[in-house]
Amino acid sequence: MIPGIHVSVRGGLDRALDTLTELGLSCGQIFTSNQQQWKGRTVTEREIERYSGRSVTIISHASYLINLASTDRRVEKLSVSALETELERIHILGIKWCVLHPGAHLGTGEDNGIRKISSTAKQILLNSPGNTGILYENTAGQGTTVGHSFTQLAQLLELTDMPEKTGICFDTCHAFAAGYDLSSERAVLETMNKFNDTVGTGRIKAFHINDSKRECGSHRDRHAVIGEGLIGLEPLRFLASMLEFKEIPGIAETPGTDSDRAQGIEKVVSQ
Ligand SMILES: [Zn+2]
Ligand SMILES: [Zn+2]
């Protein structure tokens, strides 16, 4: 696994590149726009220039407000437009992947939610600029969110039916909270085998490496500092050492500063 962190963009998107360099990391995840607001952000000339010459791998994380399964017409429209503009922004910046929380069905049922998310995503991806695409992130299964089971992730990919423009971002805290044990080497092997049988580990394009404050199967999304949660450091180290994930970014999204996250992820990937 290639160590990375979710990195602050305070001071501009280009500032994130400097932070990664200062921390000695070659990959990072950014919000290209305020994740809690519908209003998008325009990328500056300076940011475009810095990103075109960068030497680090960057992925983006879409706004938390987006829900492609929303039953509210207004939210649905805002979600589509927010995802479209996110893909346009990352295209301008030369970023391929945007991580997306699949969404919440809000009472209409999981199958219905998955169908709606997939068909909407497909329409957006058919028109997305360049080779930009989305990584469906597995969820903890809090509330009516979908994408918490490996079967659902497989359905999302299959129904979206855009293999070159879709993949999975595997969040260790969310998988654990959703009921997939990762708290020992044996559990990691079993869980990843299960994932491989259902989705295929080749579809994983990024990891979120987070420890969990809440127990396995709690359906609660509470990230813990790596090594201080109920998963623990050793199983995460084991996962990171798996050969098939050698070239895959492992992004820490744990509490604290950029530098705290860098220290955490270095512990996971160091030999
Ligand atoms: Zn996320
Ligand atoms: Zn989370």
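Further up the page is the structure itself.
Predicted model only: the values in this text are computed from it and were never measured.

## Quick notes on the coordination of the zinc ion (ligand 2)
The reference angle at a metal is 109.5 degrees if four donors form a tetrahedron and 90 or 180 degrees if six donors form an octahedron.
So, point 1. Every protein donor of the zinc ion (ligand 2) is listed here as His174 (NE2), Asp221 (OD), Asp221 (OD) and His223 (NE2), and their distances to the metal cover 2.0 to 2.6 Å.
So, point 2. Coordination at the zinc ion (ligand 2) comes from four donor atoms whose angles at the metal span 52 to 134°, giving a geometry best classed as irregular.
So, point 3. The metal-metal distance between the zinc ion (ligand 2) and the zinc ion (ligand 1) is 5.5 Å.
So, point 4. For aspartate 221, a relative accessible area of 28% gives the class partly exposed.
So, point 5. Owing to a relative accessible area of 18%, histidine 223 belongs among the buried residues under this scheme.

## Re the coordination of the zinc ion (ligand 1)
So, point 1. Coordination sphere of the zinc ion (ligand 1), protein contribution only: His61 (NE2), His101 (NE2) and Glu137 (OE), at 2.1 to 2.2 Å.
So, point 2. Summarised as a motif, the one-chain spacing of the donors to the zinc ion (ligand 1) is H-x39-H-x35-E.

## Details of the pattern of salt bridges
So, point 1. Summed over all chains, the structure comprises 13 salt bridges.
So, point 2. Where aspartate 18 meets arginine 15, a salt bridge forms, and the shortest distance between an N and an O atom there is 3.8 Å. Within this pair, aspartate 18 and its partner arginine 15 are both found in helix H1 (residues 13–23), separated by three residues, close to a single helical turn.
So, point 3. Classification of aspartate 18 by relative accessible area gives partly exposed; the value is 25%.
So, point 4. For arginine 261, the salt bridge is made with aspartate 258, and the minimal N-O distance between the two is 2.8 Å. Highlighted residues: arginine 261 and aspartate 258, both in helix H9 (residues 258–269), separated by three residues, approximately one helical turn. Pair check on accessibility: arginine 261 and aspartate 258 agree, each one buried.
So, point 5. Each of Arg15, Asp18, Glu22 and Arg50 takes part in a single network of salt bridges with overlapping partners.

## Section: the layout of surface pockets
So, point 1. There is about 310 Å³ of room inside the largest pocket.
So, point 2. If you go around the largest pocket, you meet 16 residues; those closest to its centre are Tyr64, His101, Gly103, Thr139 and Thr145.
So, point 3. Looking at side-chain class alone, the lining of the largest pocket contains seven nonpolar, eight polar and one charged residues.
So, point 4. Counted as a void, the second largest pocket has a volume near 210 Å³.
So, point 5. Forming the walls of the second largest pocket are 17 residues, and the residues nearest its centre are His6, Phe31, Tyr64, His223 and Glu253.
So, point 6. When the residues that make up the lining of the second largest pocket are grouped by side-chain class, the tally is three nonpolar, nine polar and five charged.

Cut-offs used in this document
- Residues numbered from 1 in each chain as written.
- Chains lettered and ligands numbered in written order.
- Predicted model: local features only at pLDDT ≥ 70, side-chain atom pairs only at ≥ 80, totals over all residues.
- Heavy atoms only, no water.
- Donors = N, O, S within 2.8 Å, 3.2 Å for Na, K, Ca; no water.
- Tetrahedral: all angles 85-135°; square planar, octahedral: opposite > 155°, others 65-115°.
- Buried < 20%, exposed > 50% of the residue type's maximum accessible area, 1.4 Å probe, protein only.
- Salt bridge = Lys/Arg side-chain N within 4 Å of Asp/Glu carboxyl O.
- Helix = DSSP H or I, 4+ residues; strand = E, 2+ residues; numbered from the N terminus.
- 1 Å grid on protein atoms, 1.4 Å probe; cavity = no way out; pocket = protein on both sides within 12 Å on 5 of 7 lines; lining within 4 Å.
- Points joined across faces, edges and corners; volume = space filled by probe spheres on them.
- Nonpolar A, V, L, I, M, F, W, Y, C, P; charged D, E, K, R; others polar.

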